[in-house]
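# Report on the structure
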Amino acid sequence: MFADADVVRRVHWSDPLAAAHLSVALASLPICEYVDVVCVGTDRSTGDSLGPFIGSALVKHQEKGLLPPNVSIYGTIHQPVHALNLADTLAEIKAQNKRSTIIAVDACLGRVKSIGFISIKRGPLQPGTGVNKQLPAVGDYHIIGVVNAAGFLEHAVLQNTRLSLVLNMAEVITESLILYLTNHSSQAEVALGPFSLL
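Cut-offs used in this document
- Residues numbered from 1 in each chain as written.
- Predicted model: local features only at pLDDT ≥ 70, side-chain atom pairs only at ≥ 80, totals over all residues.
- Heavy atoms only, no water.
- Helix = DSSP H or I, 4+ residues; strand = E, 2+ residues; numbered from the N terminus.
- Buried < 20%, exposed > 50% of the residue type's maximum accessible area, 1.4 Å probe, protein only.
- Contact = heavy atoms within 4.5 Å.
- Areas by Shrake-Rupley, 256 points an atom, 1.4 Å probe, with all protein chains shown as cover.
- Salt bridge = Lys/Arg side-chain N within 4 Å of Asp/Glu carboxyl O.
- Pairing = 2+ DSSP bridges.
- Axes fitted to C-alpha atoms, helices over the stretch in contact; angles between N-to-C directions.
- Core = buried A, V, L, I, M, F, W, Y, C linked by side-chain atoms within 4.5 Å.

This paragraph deals with the overall build of the protein chain. Counting its secondary structure elements, the protein chain contains six helices and six strands. The N-to-C order of helical and strand elements in the protein chain reads β-α-β-α-β-α-β-β-β-α-α-α. For the protein chain, the proportion of its 198 residues judged to be buried stands at 51%. Partitioning the intrachain contacts of the protein chain with sequence separation of at least 6 by distance along the chain shows that 74% fall at a separation of at least 24. Surface exposure of the protein chain reaches about 10,000 Å², of which carbon and sulfur atoms provide 54%.

A few words on the pattern of salt bridges. Side-chain pairing between opposite charges can occur once the charged atoms of the two side chains come close. Scanning the model with the defined rule gives one salt bridge in all. Two residues, Asp 36 and Lys 98, come together in a salt bridge whose shortest N-O distance is 3.7 Å. In this pair, Asp 36 is assigned in strand S2 (residues 34–39) and Lys 98 in the loop between helix H3 (86–95) and strand S4 (100–110), connecting sequence segments 62 residues apart. Among the residues examined, Asp 36 registers a relative accessible area of 0% and is labelled buried.

Next up on the list: the sheet that holds strand S1 (residues 7–12). With mixed pairing, the six strands of this open sheet are ordered in space as S1-S5-S6-S4-S2-S3. Taken across any chain shown, the strands that pair with only one partner, and hence form the sheet edges, are S1 and strand S3 (71–74). Here the strands of the sheet are splayed against their neighbours by 20 degrees on average, with no regard to which way each runs. Here S2 runs beside S4; their pairing, made up of six bridges, is parallel. Paired with Val 37 across the strands is Ile 103, a residue of S4. Each of S2, S3, S4 and strand S6 (141–149) is contacted by helix H2 (residues 50–63), which is oriented at about 140 degrees to S3, the strand it contacts most. Strands S2, S3 and S4 of the sheet are contacted by H3, whose axis makes an angle of about 165 degrees with S3.

Structurally, Ser 56 is set in helix H2. According to the relative accessible area criterion, Ser 56 is buried, its value standing at 16%. If we skip the residues at most four places from it in the chain, Ser 56 touches Gly 75, Thr 76 and Ile 77.

Here S6 lies mainly inside the structure; nine of its nine residues are buried. As paired elements, S4 and S6 share eight bridges and run parallel to each other. Paired with Cys 108 across the bridge in S6 is Val 146. As judged from the five bridges shared by strand S5 (residues 117–122) and S6, these two strands associate in the antiparallel manner. Looking at the pairing, Ile 118 lines up with Gly 145 of S6.

Here we come to the nonpolar core. Counting 39 residues, the largest nonpolar core has Val 37, Leu 50, Ile 54, Ile 143 and Leu 177 as the members making the most contacts within it. Ranked by residues supplied to this core, first place goes to helix H5 (residues 163–181) with 10 residues. Sequence-distant contacts of Ile 54, that is, excluding residues within four places in its chain, are made with Cys 39, Val 105, Ala 170, Ile 173, Thr 174 and Leu 177. Judged by nonpolar contacts, the second largest core, of 14 residues, contains Val 81, Ile 93, Ala 104 and Ile 144.

Our next topic: the environment of Pro 52. Within the secondary structure layout, Pro 52 lies in helix H2. Using a relative accessible area of 0% as the deciding quantity, one classes Pro 52 as buried. Setting aside its immediate chain neighbours within four residues, Pro 52 contacts Cys 39, Val 40, Gly 41, Thr 42, Gly 75, Thr 76, Ile 77 and Pro 80.

Structure, rendered in C-alpha cells:
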C-alpha cells in the first residue's frame, strides 16, 4: 500500500464533479507524449471487472476517433489484462520502445467507509495484493476504486460486489480519463474554479 503522500486526488464517485476533479488532477502530473492506459481486472468477477469496463468504454471512444492517436488502451471486457497475461502485456508495451507514461487502473478492497472512493496515486499499481497474489507492478501512476470491504474471504467479497457500484465508478473514471486524454481538462478547471490538489 502507498502512503497518503502518494495520493494526488481522492473523490467519491457520487460527487457531481468527481470526473472533473480527477481529470484536473491527472493534468497536474508530468506525462510523456505517449500514454498507455492499462486496465487491470477480469470479467469473471463482478468486483474485479472495474478495469475491464473502463477499458471497453475507452476503446469505444477510440474506435470513433474521439481519443488522440498517442493513446493506447490495454484491458477490456472481451480481452482483459489479468494475472495470467499481465507480464506479457507489460512486455508488449516495453517492446514498442517508446517513451510513454503508463496509467494503471484497477479495483481494490478497502475499509468500509472507503467504499465508492476513487484515488489517483503516484507510482506503480501493485495488483493482486488484496487477494494475496504476487503480480508485476504496473504504471507510473495508478487509479484505484474501492469496490468493497477488505479483511475476510476477499475472493468471495469481490465476487459478491454490487455491479451497479462497479458501473457507476467505471463511468466516472472513464469520463475523467476522456476529459484528460482529449485535452479538455481546461473545461473541468472552469467547472471547478480555483483548484487545490489536496
